[in-house]
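What follows is each chain in one-letter form.
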Amino acid sequence: MARPKSAANKPRAWQRMLSGRRLDLLDPSPFDIEIDDIAQGLARVARWNGQTRGDHAFSVAEHSVIVEALTGELEPGWPDSWRLAALLHDAPEYVIGDMISPFKAALGYDYKAFEHRLEAAIHARFGLPGVLPKAVKDTIKKADRICAFFEATQIAGFSVEEARPLFGAPPKGLMIEISPEPAARAQSLFLERFHTLFAAHEARPAKARRTG
């Protein structure tokens, strides 16, 4: 039987993942989200639109691993649940890519709403709150900006003077080395850290997971 004309003309709003899942981009379901798909995508999404030095793009997967490690420096007492949230802070980019901040601002509210829906589905899939506590979000954002500062000055062509007003100066004495890894290695690092954190997160009582 032929489909109604309106349905036939409706644009496809799902993406097929290598796992076989079909993720509805407009109404994402936690049941269609797999960590292997996330790692596959993030390891192949380039930060800075690929405008970085080196033989390999600096991937969102590698960036995420560094940001998670930085949250441990900023908040040594954090539970594994919040460290897991830090590792997944850019997880929606496995579908939507890594848009540079000026372009995100130009797209405005609709883009942010789409990103938030996808983030909430990812969090639900892995037992994290749909909306993180403000203090947790602020710490992850701080770690994200520290990482961006070092990326900017080490591989993206920014001078320290250019980067400081855009990303803020990192805490005194804190230094990280940005060394872009091949996609397969970045994917492996991301998955290894995920499974360590997720196992610890799952081992905690449900109430403790929600409250940190």
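Per an unreviewed UniProt entry, the recorded name for the protein chain is HD family hydrolase, and the organism is Marinicauda algicola.

Participant: A description of the nonpolar core should follow, citing residues and the corresponding values.
Facilitator: The biggest cluster of nonpolar side chains holds 38 residues, and the ones touching the most others in it are I38, L88, Y94, I122, F126 and F190. At the level of elements, α2 (35-42), α3 (60-74), α4 (80-87), α5 (93-96), α7 (109-125), α8 (134-154) and α10 (183-203) are the ones that each hand at least two residues to this core. Counting residues per element, this core draws most heavily on α10, at six residues. Among residues more than four places away in sequence, those in contact with I38 are I33, A91, Y94, I122, F126 and F190. In terms of nonpolar packing, the next biggest core, distinct from the first, is built from 19 residues, C147, F149, I176 and I178 among them.

Participant: With reference to specific residues and values, describe the packing of aromatic side chains.
Facilitator: This model, assessed by the stated rule, comprises seven aromatic pairs. Ring plane angle 70 degrees and centroid distance 5.1 Å describe the contact between F126 and F194, whose orientation is recorded as edge-to-face. Of this pair, F126 sits in the loop between α7 and α8 while F194 is found in helix α10, placing the two residues 68 residues apart along the sequence. The pair formed by F126 and F194 is uniform in burial state, with each residue classed as buried. Here the aromatic rings of F149 and F150 are separated by 5.5 Å at their centres, their planes lie at 85 degrees, and the arrangement is edge-to-face. A network of ring pairs unites the aromatic residues W48, F158 and F167 as a single cluster. Seen from the ring of W14, R22 lies directly overhead, with NZ or CZ sitting 4.1 Å from the centre.

Participant: Tell me about the packing of α8 against helix α9 (residues 160-167), residues and numbers included.
Facilitator: Axis separation between α8 and α9 bottoms out at 9 Å; the angle between their running directions is 160 degrees. Of the possible angle classes, the one that applies to α8 and α9 is roughly antiparallel. Two packed elements cross with a definite hand, and for α8 against α9 that hand is right-handed. Here α8 contributes R145, A148, F149, A152 and T153 to the contact with α9, which in turn contributes V160, A163, R164, L166 and F167. Looking at side-chain class alone, the contact of α8 with α9 contains seven nonpolar, one polar and two charged residues.

Participant: Give a detailed account of the environment of L88, specifying residues and quantitative values.
Facilitator: Mapped onto the fold, L88 is located in the loop between α4 and α5. Assessed through its relative accessible area of 1%, L88 is described here as buried. Along the primary structure L88 and A39 are separated by 49 residues, whereas in three dimensions their C-alpha atoms are 9.9 Å apart. Among all residues touching L88, those that are not within four sequence positions of it are I35, I122, F126, L128 and F190.

Participant: Please give an account of unusual backbone geometry that cites residues and values.
Facilitator: In most cases, non-glycine residues show a negative phi, while peptide bonds are predominantly trans. At W48, a position not held by glycine, the phi torsion is positive, near 60 degrees. With respect to the helices, strands and loops of the structure, W48 is situated in the loop between α2 and α3. Although it is not a glycine, N49 sits at a positive phi angle of roughly 55 degrees. Among the secondary structure elements, N49 is positioned in the loop between α2 and α3.

Cut-offs and rules
- Residues numbered from 1 in each chain as written.
- Predicted model: local features only at pLDDT ≥ 70, side-chain atom pairs only at ≥ 80, totals over all residues.
- Heavy atoms only, no water.
- Core = buried A, V, L, I, M, F, W, Y, C linked by side-chain atoms within 4.5 Å.
- Buried < 20%, exposed > 50% of the residue type's maximum accessible area, 1.4 Å probe, protein only.
- Helix = DSSP H or I, 4+ residues; strand = E, 2+ residues; numbered from the N terminus.
- Contact = heavy atoms within 4.5 Å.
- Phe/Tyr/Trp six-rings, centres within 6.5 Å; stacked < 30°, edge-to-face > 60°.
- Lys NZ or Arg CZ within 6 Å of the ring centre and 35° of its normal.
- Axes fitted to C-alpha atoms, helices over the stretch in contact; angles between N-to-C directions.
- Parallel < 35°, antiparallel > 145°, perpendicular 65-115°, else oblique.
- Left-handed = near helix turned anticlockwise from the far one by under 90°.
- Nonpolar A, V, L, I, M, F, W, Y, C, P; charged D, E, K, R; others polar.

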